[in-house]
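Coordinate inspection notes
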Amino acid sequence: METADIQARDHAHYLHPFTDHKALGEKGVRVIVRGEGIYLWDSEGKKLLDGMSGLWCVNTGYGRTSIAKAVYEQMETLPFYNSFFNTTNLPAVTLAAKLAEIAPPGFKHVFYTGSGSEANDTNVRMVRRYWDVLGQPQRDVIISRHNAYHGSTMAGASLGGMEGMHAQGGLPIPGIVHIGQPDYLSAGRGMTEEQFGIRAASWLETKIHEVGADRVAAFIGEPIQGAGGVVIPPSTYWPEIQRICDKYGILLIADEVITGFGRTGRMFASELVGIRPDLITFAKGVTSGYVPLGGVLVGQRVADVLVGQGGEFQHGFTYSGHPVACAAALESIRIVQDERLVQRVAEDTGPYLASRFASLDNHPLVGFTNSCGFVAGLNLVRRKGATLHQHEWFEPEKAVGMVCRGHMFNNGMIMRAVGDRMIIAPPLVMTRPQIDEMVALIRHCLDLTYADLRERGWVKE
Ligand code: PMP
């Protein structure tokens, strides 16, 4: 089929996630047909370097025959059976034990879902069930953060703090409230990063008092906010959040849908930022995105109540513990472990990416760069000031990030724009030479963006 035919069919029948369908129809959709390693090819034969691992998930890279084989063999043996009715299946059990082995200490149980959103819905139900069993059903409020992303189901979108999502459909649902995000760039003026981390964490305590400490069930956060723009909090933030949760006995949920399975150079980022969560949301990287799978890792405190005290938790999905998805996850995790991808990111390619990415700082269009393991971001700036908080940024209406993203895409580099912040989360298999290639490509596309913006009169010389 010709690209134009695919585009016409796509527009005629396929409603995409988070997309203005009419506008996309006018532009014509890009058709991705093949992947190998860190590269993708579109229907016109154009090669793209995938700086986003698909959507933060293809951690072991494209074209892994062994995952395809594991999936195929499982489909032949047992394509599906449910885990209701007192039954189980081998891949689901084996993966549960594997997850218990690689999770932070104290996580011995898992609840499977089909996606990250469903996993966060599960969290909402699970923490409420927990407090109910403990005889405190009034503890039903969950505190989250503005600009967080926790999925797109009713509960996932409510837990998230995306204004645009809340504006459509009367969200958040009752019992979910939000505090500010630990974004030093936008809110840390006049403070050191460390001071700001403590300040941002104190918003949690303020909110607990506002809601009433005996009403708060849990706090949820991404160790590093992904879709919100790779917001890497100051080192003081998470330990202080942990202290506050402990002080009030509030459950802590770490949403590791993006950060899990090695992205930050630890198997789970909770270990990196110094927290001991009670529940961990996972998805994406668990299968390297090859097939859908998500879930909740359940820590000792919650398991003691849910398992220890008995009674049915009236929750679950047809595809909870799907044997094919679990088989894919087992193989993906085997690759991560056998190829020492987590250690590589921690000790070799992560620090290398950090230094190469930071070299973009001297570009006239780059006001700020930072990274953590295999996530990184840069902010496009109109004019640099002497300090970070003196930079002149672009007006949001100009959507400069989208202009930059266009130049990236057109020149073979997939980099995502969140406002005027350009972000990457490359496959964990990316090598040093490929990092060099990527950073050179990013610089080239920044040059093209700069020339474009000068022509429009949007940058000051
Ligand atoms: N939580 C986080 C932190 C995410 O980044 C995402 C997806 N980007 C989700 C939850 C939702 O996952 P899914 O799209 O699989 O429902």
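Residues numbered from 1 in each chain as written. Predicted model: local features only at pLDDT ≥ 70, side-chain atom pairs only at ≥ 80, totals over all residues. Heavy atoms only, no water.

**Regarding the overall build of the protein**
Along the protein, the regular secondary structure elements total 17 helices and 15 strands. Whereas a compact globule of 461 residues would reach a radius of gyration of roughly 23 Å, the protein reaches 22 Å, a difference of no more than 12%. Taking the principal axes of its C-alpha atoms as reference, the protein extends roughly 65 × 55 × 45 Å. Among the 461 residues that make up the protein, the fraction classed as buried is 54%. For the protein, the proportion of contacts with a sequence separation of at least 24, taken over those separated by at least 6, is 70%. (Helix = DSSP H or I, 4+ residues; strand = E, 2+ residues; numbered from the N terminus. Rg over C-alpha atoms; globule rule 2.2 N^0.38 Å. Buried < 20%, exposed > 50% of the residue type's maximum accessible area, 1.4 Å probe, protein only. Contact = heavy atoms within 4.5 Å.)

**Comments concerning the domain arrangement of the protein**
The domains assigned to the protein are domain 1 (31–60 + 342–456) and domain 2 (66–338). For domain 1 versus domain 2, the separation of C-alpha centres amounts to 27 Å. The partner domain 2 presents 30 residues to the 30 residues of domain 1 that form the contact. Carbon and sulfur atoms supply 64% of the area buried between domain 1 and domain 2, which totals about 2,400 Å² over both sides. Together, Trp 56, Val 342 and His 389 form the three largest contributors to the area buried by domain 1 at its contact with domain 2, with a combined 31%. Counting across the domain 1 and domain 2 interface gives 0 salt bridges. For the interface between domain 1 and domain 2, the tally reads 12 residue pairs in polar contact (both at pLDDT 80 or more). Going through the elements one at a time, α3 (53–56), α15 (341–358), β11 (366–372), β12 (375–380), β14 (416–418) and β15 (421–424) are the ones with two or more residues in the side of domain 1 that touches domain 2. Of all the elements, β11 adds the most residues to the side of domain 1 that touches domain 2, at 4 residues. (Domains from an automatic or database assignment. Buried area = accessible area lost by both parts, 1.4 Å probe. Salt bridge = Lys/Arg side-chain N within 4 Å of Asp/Glu carboxyl O. Polar contact = N/O pair within 3.5 Å; in protein donor to acceptor, adjacent residues only side chain to side chain.)

**Examining the pattern of salt bridges**
Evaluated as defined, the whole model comprises 18 salt bridges. Lys 398 is paired through a salt bridge with Glu 395; the nearest N and O atoms lie 2.9 Å apart. Relative accessible area serves as the criterion here: at 24%, Lys 398 is assigned to the partly exposed category. Several salt bridges converge on common partners, so that one network encompasses Glu 331, Arg 334 and Asp 338.

**Thoughts on the sheet that holds β14**
Here 4 strands make up an open sheet; going across it, the order is β11-β12-β15-β14 and the pairing antiparallel. Of all the strands in the sheet, just β11 and β14 have a single pairing partner and so form its edges. For this sheet, the mean inter-axis angle between neighbouring strands, taken without regard to orientation, is 25°. Pairing of β12 with β15, which is carried by 4 bridges, proceeds in the antiparallel orientation. Bridging across to β15, Gly 377 finds its partner in Ile 423. Relative to the sheet, α15 contacts β11, β12 and β15, its axis offset from that of β11 by approximately 180°. (Pairing = 2+ DSSP bridges. Axes fitted to C-alpha atoms, helices over the stretch in contact; angles between N-to-C directions.)

**Remarks on the side chain of Glu 222**
Considering the arrangement of structural elements, one finds Glu 222 in the loop between β7 (216–221) and α11 (237–248). Within the buried set, Glu 222 has no salt-bridge partner at all; the shortest N-O distance to an opposite charge, 4.8 Å, is to Arg 145. At 3.0 Å, the side chain of Glu 222 forms a polar contact with the backbone nitrogen of Tyr 149. (Lys, Arg positive; Asp, Glu negative; His and termini not counted.)

**What about the state of the cysteines?**
Overall, the coordinates contain 0 disulfides when judged by the stated rule. Cysteine Cys 404 is unpaired, with the sulfur of Cys 445 as its nearest cysteine sulfur at 7.4 Å. Overall, the relative accessible area of 0% leaves Cys 404 in the buried class. (Disulfide = S-S within 2.5 Å.)

**Regarding the packing of α15 against helix α17 (residues 432–456)**
Put simply, α15 and α17 touch, their axes get as near as 10 Å, and they point 20° apart. Classed by the angle they form, the pair α15 and α17 counts as roughly parallel. Crossing angle aside, the handedness with which α15 passes α17 is right-handed. Of the residues in α17, those in contact with Asp 348, Thr 349, Tyr 352, Leu 353, Arg 356 and Phe 357 of α15 are Arg 432, Ile 435, Asp 436, Met 438, Val 439 and Ile 442. (Parallel < 35°, antiparallel > 145°, perpendicular 65-115°, else oblique. Left-handed = near helix turned anticlockwise from the far one by under 90°.)

**Concerning the packing of aromatic side chains**
Within this structure, the stated rule accounts for 11 aromatic pairs. Judged by centre distance (6.0 Å) and plane angle (55°), the rings of Tyr 184 and Phe 196 are tilted. Taken together, the residues Tyr 184 in helix α9 (residues 184–187) and Phe 196 in helix α10 (residues 193–211) connect sequence positions 12 residues apart. Taken individually, Tyr 184 and Phe 196 each receive the classification buried, so the pair is uniform in this respect. The structure contains a cluster of three or more aromatic residues connected by ring pairs, namely Tyr 184, Phe 196 and Trp 203. (Phe/Tyr/Trp six-rings, centres within 6.5 Å; stacked < 30°, edge-to-face > 60°.)

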